[in-house]
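Descriptive structure summary
Chain by chain, the residues run as shown.
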Amino acid sequence: MHPRNFKKILTALVWSSSVLAYAYPDRTVTLVVPTAAGGGNDAMARVIAQKMAPLLGQSVIVENKAGANGSIATEFVARASADGHTVLFGYVATHAMNPALQKLRYDPVGDFEPVGLVGYSPTLMVVTPQLKAADAKTVLASIQAQDGKLSYASAGNGTAPHFAAELYKLNMKASWMHVPYKGSAPAVNDTVAGHTHIMFPSLFTALPHVKSGKLHPVGIAGSRRSPALPGVPTLKELGVPGVDVTQWYALFVPAKTPKAVVDRLNAALNQVLTDKDTVARIEAQGADVQTSTPEELKTLVRDDLAKWRRVVQQAKLSAD
């Protein structure tokens, strides 16, 4: 190709990208949440959608597409038009844990353009008050004494509550039954009601129920205590090693979405996450706000996917 023609093509591409960024968005943006309404992911997504709308100059609506452990929503966004009007509120389960556990109809790396991180939340081990367990050692003693008769709830196979419980089981040689749900909200509700006994939800999801006394906190499944519950020790402090499950949340768009659109979404998201009201509302529920570039998020996804694949092999986990 003649250098002059190549320069013309390059100029046209840059120009069209700039025009697209200027025009974007030209209609309502849909933020798809892969969990049921009422859970921690949903609450966080709604705060972000409300704050991003005026920055983008268009309405941002939240659409819940729960099911198949987040893969229904994630696949839906992967197949959506790559124009930035359909955005996924993804998290560690959709882009690392579930893909590490089983073959899905989407590629967590190849089918998406990362937009940016929203934040992190540690996982909290909780029990139903009906179990009357004071600490992690009492919980373990109850599990061992009842020899598999106790049950733990998860938000579905391949989710953080599932992985955390299985890591606990692996490291403590525990025995219990797994009851998977279609999202964290129904799983938490059944644990509150005593239909299941134990759960490892995100602190963001669990905190309101802990504060109301509907769930009893046992220990943080993370590397450090949380300022939201400073009196609750880590499981490691309580003699339970190897259960470190920190959940992260982030925005993604379909692969091949123009960089100019990704950059605009990233800038709007990062601006929202510097808003004092937004930060206060998210952190009051036990999550830590954290921004990133798209490139930093891409690295996080790749690293976490490799990490949880190793865990799946070590714990011999399956989707069954």
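Conventions used here
Residues numbered from 1 in each chain as written. Predicted model: local features only at pLDDT ≥ 70, side-chain atom pairs only at ≥ 80, totals over all residues. Heavy atoms only, no water. Phe/Tyr/Trp six-rings, centres within 6.5 Å; stacked < 30°, edge-to-face > 60°. Helix = DSSP H or I, 4+ residues; strand = E, 2+ residues; numbered from the N terminus. Buried < 20%, exposed > 50% of the residue type's maximum accessible area, 1.4 Å probe, protein only. Axes fitted to C-alpha atoms, helices over the stretch in contact; angles between N-to-C directions. Left-handed = near helix turned anticlockwise from the far one by under 90°. Contact = heavy atoms within 4.5 Å. Nonpolar A, V, L, I, M, F, W, Y, C, P; charged D, E, K, R; others polar. 1 Å grid on protein atoms, 1.4 Å probe; cavity = no way out; pocket = protein on both sides within 12 Å on 5 of 7 lines; lining within 4 Å. Points joined across faces, edges and corners; volume = space filled by probe spheres on them. Core = buried A, V, L, I, M, F, W, Y, C linked by side-chain atoms within 4.5 Å. Salt bridge = Lys/Arg side-chain N within 4 Å of Asp/Glu carboxyl O. Pairing = 2+ DSSP bridges.

1. A word on the packing of aromatic side chains
Applying the stated criterion to the full structure yields nine aromatic pairs. Ring centres of Tyr 152 and Trp 176 lie 5.3 Å apart, and the angle between their planes is 55°; this geometry places the pair in the tilted category. Separated by 24 residues along the polypeptide, Tyr 152 in strand 5 (residues 151–154) and Trp 176 in the loop between helix 6 (160–172) and strand 6 (177–180) bring together distant segments of the chain. Under the relative-accessibility criterion, Tyr 152 is labelled buried at 0%. Judged by centre distance (5.3 Å) and plane angle (25°), the ring pair of Tyr 168 and Trp 176 falls under stacked. An identical accessibility class is assigned to Tyr 168 and Trp 176; each is buried. Members of the aromatic cluster, joined through ring pairs, are Tyr 152, Tyr 168, Trp 176 and Phe 200.

2. A short note on the packing of helix 4 (residues 92–101) against helix 11 (residues 294–315)
In the contact formed by helix 4 and helix 11, the axes pass within 8 Å of each other and the chain directions differ by 35°. For the pair helix 4 and helix 11, the crossing hand works out as right-handed. Mapping the contact onto sequence places Val 92, His 95, Ala 96, Met 97, Pro 99, Ala 100 and Leu 101 in helix 4 and Val 301, Asp 304, Leu 305, Trp 308, Arg 309 and Val 312 in helix 11. Across the contact of helix 4 with helix 11, the residue classes break down as 10 nonpolar, one polar and two charged.

3. Some words on empty space enclosed by the protein
Applying the stated criterion across every chain, the model contains three cavities of 30 Å³ or more. Roughly 100 Å³ of internal volume is contained in the largest cavity. Forming the boundary of the largest cavity are 13 residues, of which Asn 41, Tyr 91, Ala 155, Ser 184 and Gln 247 lie nearest the centre. Class assignment for the residues of the lining of the largest cavity results in six nonpolar, seven polar and no charged.

4. Comments concerning the nonpolar core
Side chains of a nonpolar character, in soluble globular proteins, are inclined to be buried together. Counting residues in hydrophobic clusters, the biggest one holds 88 residues, and the most contacted among them are Phe 89, Tyr 168, Ile 198, Phe 200 and Trp 308. At eight residues, helix 11 tops the list of elements feeding residues into this core. Those residues within four positions of Tyr 168 in sequence are excluded, and the remaining contacts are Met 125, Ala 136, Leu 140, Ile 143, Lys 173, Ala 174, Trp 176, Phe 200, Leu 235, Val 240 and Val 243. Within the second largest apolar cluster, 15 residues are counted, among which are Leu 124, Ala 187, Ala 206 and Ile 220.

5. Let's talk about the pattern of salt bridges
According to the stated counting rule, one finds 12 salt bridges in the structure shown. Residue Asp 26 pairs with Arg 27 through a salt bridge whose shortest N-O separation is 3.1 Å. Between Asp 42 and Arg 46 there is a salt bridge whose closest N-O contact spans 2.9 Å. Here Arg 46 and Asp 42 lie together in helix 2 (residues 40–56), a separation of four residues that amounts to about one turn. Judged by relative accessible area, which is 5%, Asp 42 ranks as buried. Given a relative accessible area of 37%, Arg 46 falls into the partly exposed group.

6. Structural notes on the environment of Gln 314
Looking at where Gln 314 falls in the secondary structure, it is placed in helix 11. Judged by its relative accessible area of 54%, Gln 314 falls in the exposed class. Sequence separation between Gln 314 and Leu 56 is 258 residues, and the spatial gap between their C-alpha atoms is 45 Å.

7. Things to note about the layout of surface pockets
Within this model, the largest pocket holds a volume of roughly 220 Å³. In terms of lining, the largest pocket is formed by 15 residues, of which the most central are Ser 121, Pro 122, Arg 224, Ser 226 and Asp 288. If you tally residues by element for the lining of the largest pocket, the top one is strand 4 (residues 112–127), at three residues. Classifying every residue of the lining of the largest pocket gives five nonpolar, six polar and four charged.

8. Notes on the pairing of strand 3 (residues 86–91)
Summarising burial for strand 3: six of the six residues are buried, a large majority. Side chains Thr 86, Leu 88 and Gly 90 of strand 3 all project onto a buried face; the interleaved residues Val 87, Phe 89 and Tyr 91 project onto the opposite face, where all are buried too. The pairing of strand 1 (residues 29–33) with strand 3 spans three bridges and is classified as parallel. Its bridge partner lying in strand 3, Thr 30 is registered against Thr 86. One ladder, built from four bridges, connects strand 3 with strand 9 (residues 246–254); its direction is antiparallel. Counted as the bridge partner of Tyr 91 is Tyr 249 from strand 9.

Fair warning: the whole summary comes from geometry, so function is off the table for now.
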